[in-house]
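Single-letter residue listing:
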Amino acid sequence: MATFELYRRSTIGMCLTETLDEMVQNGTLSPELAIQVLVQFDKSMAEALETQVKSKVSIKGHLHTYRFCDNVWTFMLQDALIKTDDCQENVGRVKIVACDSKLLTQ
């Protein structure tokens, strides 16, 4: 099963990558095992978001830029309003990256 590496750029993904890099530099972990951990992280994040998250979000804002490259949409919004069932938040800038999940099963 293929996975996207999108979640590596999240806060938790970057912390994991930094920790793995540090462990490889210290010699406590092999580079091959570090790569296996990152691949498993990608799979686990995709599965958790698909099976465990039931919340819906509404986002409205001014579309600043958008791109479609390699089956990945990227939207940059300004002055966005993000609404969930129980709260809403005004945010200055939002970056949305969307991929076709059907590509993961190929």
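Keep in mind that what you see is a predicted model, and the values were worked out from it rather than measured.

1. What to know about the sheet that holds strand S1 (residues 58–69)
With antiparallel pairing, the 3 strands of this open sheet are ordered in space as S1-S2-S3. Across the chains shown, the open sheet's two edge strands, defined by having one partner strand only, are S1 and strand S3 (88–99). Strand after strand, the sheet turns through a mean of 15 degrees between neighbouring axes, direction not considered. With 10 bridges connecting them, S1 and strand S2 (residues 72–83) associate as antiparallel partners. Opposite Ser 58, over in S2, you have Lys 83 as the bridge partner.

2. Describing the side chain of Thr 74
By the secondary structure assignment, Thr 74 is in strand S2. The buried category is assigned to Thr 74, whose relative accessible area is 11%. Setting aside residues up to four positions removed in sequence, Thr 74 forms contacts with Thr 65, Tyr 66, Arg 67, Lys 95, Ile 96 and Val 97.

3. Remarks on the confidence of the model for the protein
Put simply, the protein has an average pLDDT of 89, and 93% of its residues get 70 or more. Element-level pLDDT for the protein is lowest in helix H2 (residues 31–51), with a mean of 91, against a maximum mean of 96 in helix H1 (residues 11–26).

4. A short note on the domain arrangement of the protein
The domain boundaries assigned to the protein delineate domain 1 (4–50) and domain 2 (56–99). Summarising the inter-unit geometry, the C-alpha centres of domain 1 and domain 2 are found 25 Å apart.

About the thresholds
Residue positions are counted from 1 within each chain, in the order its sequence is given. This being a predicted model, a pLDDT of at least 70 is required before a residue's local features are given, and a value of 80 or more before pairs of side-chain atoms are given or counted; all residues contribute to the totals for chains, interfaces and linings. Values reported for side chains reflect all heavy atoms of the structure, with hydrogen atoms and water molecules removed beforehand. The criterion for strand pairing is that DSSP finds at least two bridges linking the strands in question. Helix numbers and strand numbers start at the N terminus; a helix is a DSSP run of H or I with at least 4 residues, a strand a run of E with at least 2. Axis geometry follows a simple rule: fit a line to the C-alpha atoms, using only the stretch in contact for helices, then measure angles between N-to-C directions, giving values from 0 to 180 degrees. Burial classes follow relative accessibility: with a 1.4 Å probe on protein chains only, a residue under 20% of its type's maximum area counts as buried, one over 50% as exposed, and anything between as partly exposed. In this description, contact between two residues means that some pair of their heavy atoms is separated by no more than 4.5 Å. Every residue is assigned a pLDDT by the predictor, reflecting its confidence on a scale from 0 to 100. The domain boundaries here were taken from an automatic or database domain assignment.

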